[in-house]
Protein chains: 2
Amino acid sequence: MAASYRRRAMDGPATFSLFVRALPPDRGFLVACGLEDCVRYLEGLAVGDDDLEAFAAVGLDAATVDSLAGLRFSGEVWAVPEGRIVYADEPLLEVTAPIAEAQLAETALLNQLTFQTAVASKAARCRLAAGEAGLVDFAFRRTHGVEAAMAVARATAIVGFSATSNVAAAQRFGLRASGTMAHSYVEAFTSEVEAFRAFATDNPESATLLVDTYDVARGVQAAIEVILELGLGEQAAIRIDSGDLGTLAVEARKLLDGAGLTSTRIFASGALDEFAIAELCRAGAPIDAFGVGTKMGTSEDAPSLESVYKLVAYDGRPVMKLSAGKATAPGAKQIFRGPDGDVVGLREEPTPAGSEPVLEPVMRDGVRLSAPEPLERIRSRFDADLVALPEEARRLRGPISRSVHLSTAATNLAKSVQSHLARRRETV
Amino acid sequence: MAASYRRRAMDGPATFSLFVRALPPDRGFLVACGLEDCVRYLEGLAVGDDDLEAFAAVGLDAATVDSLAGLRFSGEVWAVPEGRIVYADEPLLEVTAPIAEAQLAETALLNQLTFQTAVASKAARCRLAAGEAGLVDFAFRRTHGVEAAMAVARATAIVGFSATSNVAAAQRFGLRASGTMAHSYVEAFTSEVEAFRAFATDNPESATLLVDTYDVARGVQAAIEVILELGLGEQAAIRIDSGDLGTLAVEARKLLDGAGLTSTRIFASGALDEFAIAELCRAGAPIDAFGVGTKMGTSEDAPSLESVYKLVAYDGRPVMKLSAGKATAPGAKQIFRGPDGDVVGLREEPTPAGSEPVLEPVMRDGVRLSAPEPLERIRSRFDADLVALPEEARRLRGPISRSVHLSTAATNLAKSVQSHLARRRETV
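Residues numbered from 1 in each chain as written. Chains lettered and ligands numbered in written order. Predicted model: local features only at pLDDT ≥ 70, side-chain atom pairs only at ≥ 80, totals over all residues.

Colleague: I tried to follow the overall build of chain A on my own but got confused; where do I start?
Modeller: In terms of regular secondary structure, chain A is built from 17 helices and 19 strands. Viewed in the frame of its principal axes, chain A has a C-alpha envelope of about 85 × 50 × 35 Å. Expressed as a percentage of its 428 residues, the buried residues of chain A come to 54%. When contacts within chain A are restricted to residue pairs at least 6 apart in sequence, long-range pairs at least 24 apart make up 71% of them. (Helix = DSSP H or I, 4+ residues; strand = E, 2+ residues; numbered from the N terminus. Buried ≥ 20, exposed ≤ 12 C-beta atoms within 10 Å, placed from the backbone. Contact = placed C-beta atoms within 7 Å.)

Colleague: What should I look at first to understand the relation of the copies chain A and chain B in this one?
Modeller: Copy one and copy two of the chain differ by a rotation about an axis and a translation along that axis. For the pair chain A and chain B, the best superposition has an RMSD of 0.0 Å and corresponds to a rotation of 180° with a translation of 0.0 Å parallel to the axis. Within this description, the copies of the chain are treated as partners about a two-fold rotation axis. Taken together, the interface assignments show that 99% of the residues at the interface of chain A recur at the interface of chain B, consistent with an identical surface on both copies. (Least-squares fit on C-alpha atoms with pLDDT ≥ 70 in both.)

Colleague: Hey, could you run me through the sheet that holds strand E8 (residues 208-210) of chain A in this one?
Modeller: Pairing is parallel in the open sheet, where six strands are placed in the order E7-E6-E11-E10-E9-E8 (chain A). Edge positions in the open sheet fall to strand E7 (163-164) and E8 of chain A, since each of these has one partner strand only. (Pairing = 2+ DSSP bridges.)

Colleague: What should I look at first to understand the interface of chain A and chain B in this one?
Modeller: When the parts of a complex come together, some accessible area is lost, and that lost area is often taken as the interface size. Listed by partner, the interface residues are 67 residues for chain A and 68 residues for chain B. Here the side of chain A that touches chain B is composed, by residue class, of 32 nonpolar, 22 polar and 13 charged. (Nonpolar A, V, L, I, M, F, W, Y, C, P; charged D, E, K, R; others polar.)

Colleague: Would you mind going over the pairing of strand E6 (residues 134-137) of chain A with me for this structure?
Modeller: Across a regular strand the side chains alternate sides, sitting on one face of the sheet and then on the other. Residue and element names in this part refer to chain A. Where E6 lies against strand E11 (residues 289-292), four bridges are found, and the strand directions are parallel. From the neighbouring strand, Leu135 faces E11, where its bridge partner is Phe290. As paired strands, E6 and E7 are joined by two bridges and run parallel to one another. When the bridges of E7 are listed, Asp137 appears paired with Thr164. Traced from E6 through helix H7 (residues 146-158) to E7, the parallel crossover comes out right-handed. (Right-handed = clockwise from strand over helix to strand, strands pointing away.)

Colleague: Which parts of the structure should I look at to understand unusual backbone geometry?
Modeller: Phi is mostly negative for residues that are not glycine, and the peptide bonds are mostly trans. Residues and elements named next belong to chain A. Positive phi, close to 70°, is recorded for Asp89, a residue that is not glycine. For Asp89, the position within the fold is in the loop between strand E4 (85-86) and strand E5 (91-98). Even without a glycine there, the phi angle at Ala271 is positive, about 55°. Along the chain, Ala271 falls in the loop between strand E10 (265-269) and helix H13 (274-282).

Colleague: I would appreciate a short explanation of the sheet that holds strand E18 (residues 367-368) of chain B in the present structure.
Modeller: Note on sheets: strands pair through backbone hydrogen bonds, and any given pair is parallel or antiparallel. Residues and elements named next belong to chain B. Strand order in the open sheet formed by seven strands is E13-E12-E1-E5-E3-E17-E18, with antiparallel pairing between adjacent strands. Each edge of the sheet is formed by a strand with only one pairing partner; in this case those strands are strand E13 (317-318) and E18. For strand E1 (residues 13-20) and strand E12 (residues 307-314), the ladder comprises seven bridges, and the chain directions are antiparallel. Residue pairing across strands places Ser17 opposite Lys310, the latter belonging to E12. Running at roughly 25° to strand E17 (residues 360-364), helix H2 (residues 35-44) makes contact with strand E3 (76-79), strand E5 (91-98), E17 and E18 of the sheet. Here helix H5 (residues 99-130) sits on the sheet and contacts E1, E5 and E12; the angle it forms with E5, its principal contact strand, is near 165°. (Axes fitted to C-alpha atoms, helices over the stretch in contact; angles between N-to-C directions.)

Colleague: Even after reading the chapter, I still don't get the domain arrangement of chain A, so can you show me in this structure?
Modeller: Residues and elements named next belong to chain A. The assigned domain composition of chain A is domain 1 (2-104 + 306-426) and domain 2 (123-297). Relative to domain 2, the C-alpha centre of domain 1 lies at a distance of 39 Å. Listed by partner, the interface residues are 10 residues for domain 1 and 14 residues for domain 2. Among the elements that take part in the side of domain 1 that touches domain 2, helix H15 (residues 375-387) stands out by supplying four residues, more than any other. Of the residues that constitute the side of domain 1 that touches domain 2, the class distribution is six nonpolar, one polar and three charged. (Domains from an automatic or database assignment.)

Colleague: What's the story with the environment of Ala169 of chain A in this structure? I'm lost.
Modeller: Residues and elements named next belong to chain A. In this structure, Ala169 sits in helix H8 (residues 167-173). Along the backbone, Ala169 and Arg154 are 15 residues apart, and their C-alpha atoms lie at a distance of 7.4 Å. Excluding its chain neighbours within four sequence positions, the residues that come into contact with Ala169 are Ala149, Met150, Ala153, Arg154, Thr164 and Leu175.

Colleague: I would appreciate a short explanation of the pairing of strand E1 (residues 13-20) of chain A in the present structure.
Modeller: Residues and elements named next belong to chain A. When you tally the buried positions in E1, you get seven out of eight residues, the bulk of the element. Where E1 lies against E5, seven bridges are found, and the strand directions are antiparallel. Within the sheet, the bridge partner assigned to Leu18 lies in E5 and is Leu93.

Colleague: What is the right way to read the packing of H2 of chain B against H5 of chain B from this model?
Modeller: Two measures define how a pair of helices packs: the angle their axes make with one another and the distance between the axes. Residues and elements named next belong to chain B. Running from N to C, H2 and H5 cross one another at 160°; their axes reach a closest spacing of 9 Å. With respect to H5, the element H2 is oriented roughly antiparallel. You can see that H2 and H5 cross each other, and the crossing is right-handed. Taking contact as the criterion, the partners of Asp37, Cys38, Tyr41 and Leu42 in H2 are, on H5, Ala105, Ala108, Leu109, Gln112 and Leu113. (Parallel < 35°, antiparallel > 145°, perpendicular 65-115°, else oblique. Left-handed = near helix turned anticlockwise from the far one by under 90°.)

Colleague: Explain the environment of Ser269 of chain A to me, please; I cannot follow it from the model alone.
Modeller: All names here are of chain A. Relative to the helices and strands, Ser269 is located in strand E10. In this structure, the C-alpha to C-alpha distance between Ser269 and Pro25, residues 244 residues apart in sequence, is 25 Å. Not counting residues within four places of it along the chain, the set of residues in contact with Ser269 comprises Phe138, Arg239, Asp241, Phe290 and Gly291.

Colleague: It is not clear to me how the nonpolar core should be interpreted in this structure. Could you clarify?
Modeller: One recurring pattern in soluble globular proteins is that nonpolar side chains are buried together. Counting residues in hydrophobic clusters, the biggest one holds 278 residues, and the most contacted among them are Leu93, Ala223 and Ile238 of chain A together with Leu93, Ala223 and Ile238 of chain B. When residues of this core are assigned to their parent elements, the largest contribution, 18 residues, is made by H5 of chain B. Filtering out sequence-adjacent residues up to four positions away, Ile238 of chain A remains in contact with Leu209, Val211, Val220, Ala223, Ala252, Thr264, Ile266 and Phe267 of chain A. (Core = buried A, V, L, I, M, F, W, Y, C linked by C-beta atoms within 7 Å.)

Colleague: What exactly am I supposed to notice about the confidence of the model for chain A here?
Modeller: Caution applies to low-pLDDT parts of the model: their predicted coordinates are not meant to be read in detail. Across chain A, the average pLDDT comes to 95, with 98% of residues at or above 70. Interface predicted TM-score (ipTM) for the complex: 0.96; the corresponding pTM is 0.97. (pLDDT = per-residue confidence, 0-100.)

Colleague: Which parts of the structure should I look at to understand the environment of Ala129 of chain B?
Modeller: Residues and elements named next belong to chain B. Turning to its location among the elements, Ala129 is positioned in helix H5. Judged by C-beta crowding, with 24 C-beta atoms within 10 Å, Ala129 ranks as buried. Note: C-alpha distance between Ala129 and Ile224 (95 residues apart in sequence) is 30 Å. In this view, Ala129 contacts Glu274, Ile277, Ala278, Cys281 and Leu396; residues no more than four positions away in its chain are not counted.

Here's what the structure looks like:
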């Protein structure tokens, strides 16, 4: 497509709008995530000699290959800042650029924003479920690749996880690295006490002892023995990774308290998601922190979102498609967030009194307008939006998303384009 | 953990077994995939000076950091070759190495094998559903990152997809790149006929015209006009991406045939998975090829597998954990595949008459034993296993996996380790 545009000198500016059509059943909101990777991608989007060779190698003909020479991204981008809460039908990002450039970027932009927003939204629900308990990202072993694991660690930090087991991500993003032992560590020693003693000696600052390799009650006793022996307490924790976590945590708490270790924390993990965490919290399980892995890191119940990247204007004229159930509203957009909900209007409309525009300009002439944001700032932005999130959108089961309306101007534009298309069709 | 082992000079050989505990509900088999990336990872697994700096930067203490200096993978690996069909409780890969090395590799090995096996298995079910129809990988836009998209393209090629829309993957793996136009392409022109004429002129060898931007019947008429005008036929195809694909395909076929374009193919896409494909095929929809994206590329109904990496032997003694519902059988294993099903035995057992061992040695002393395999060979291996796959394991809904038994020797070893652990516990 890009080559076809270039061969025909179709270089009029096109605006594409990237948005999510409908939320999955158990999602009342989305957390925008992935923009930084999109900006970095667009900054580097240029067709070089090696690309031309690769295109030829996969069988593109010479005219097609030649037409792509020299292409680089020179456009403008507006986007929802990372960490903001958004809803269905709201643009996460809009690109305006010569149509070939905007077209080439489609796949990469959809890929990063869809996946990272899906995971950030799932992780945010874990945060809602956990209340005051801590959360640690344990997802690396079952994410869809290493790149995904890095993005998951970053997304969890944005929504308030306190640490990650992914040391590389901790280093790259300045997060707290946190790990515990595996069952194999216990098995490599001839007894649990020996294993715990070794681990706690080597990691006195963060001795989280895994107590369920053989039998939880005996494991907790072994942990108590070592924690008392080494004079740990607050620094120490036990981890339960199997069985009925709630009941086992109550029993473990009793044993720890009985030994005077009231400040030793209890850590739980094992196939957790927001539903399991909420259930444990509701039952009053004395769990201080949760390790959340696979179900969060793959957004298991909704591993993708119905995201699309739609042409809304080309060469000065608004456009729309009419496909069954998939009609799109024309024109560059803005989200106006007001006290009564969100209005999706045309970007050129004035901001209604009492509302704030949510999309911000992030690139112009192919150049980013500001440096990558510190995660702290993104996290604060999420925290602020979370406070304002309506009760019904927070629900874990059957949430109700905040209402989003099209502005009058946007609605009128859609109607006028639709009737123009209908008239043109009749004259064919 | 690795540092702790190294500090204590615990360098006895450990064997870890990587297997999937139970299959997701709608999976009757798995397709082993991801081994090549594991071997490449292990070959490169070495702690360098930059790693030591990174460890220090995330807060590891000096003794821990120092203990890891000079570590590199020096072990042995046995694995199921890529493309083979396997079941729950069968080792996909076993590592034997000094325990710190084997431990450090855990996350990366689980990550690649779990994700790639999950996707290959999902894609294989699409192949089963599609019968003689063609399949094209359309997943890139919604996979979990770019690395994931590349792995998905490779996995789909292994199980018989004929092409991918991912040009970079096509180039890297020697696949056929195949794309069609987007709705935006149609919208960028002032009429469908104009858009189709431009695209077919620029891509005469593979002119797949998207007919549902406004209205399918009119779109097909426009396609027919252009295909006749340019004298295309076999090379041309139409694509339907929305609405009731089966009904629309029947109508489109009639229109095409009526115009004499009996060899123009019909391509369908849009939220397809093995269930939707099977439904369309069962209804006799005249669809020649399916573009399969998000649901396959994220393995939507089972985006992960219950994979584990368990210590089964350490320093000459077999080990096992007893955690509730998660007990593991000790000892290095082999899968013996015979006419009556699979037996998981000890690696040292002789192969039963009439059976073949499935795991093969792939690395020794940290060095790979053979060059990366051509995808053709992996695909042939899958094809052969697919032919032999029992009917009940092929079912899309409620499949029954092939039975897998533990050999007598493996069972006896597990019993003996268990009673040893019980005796040791009583004496504590």
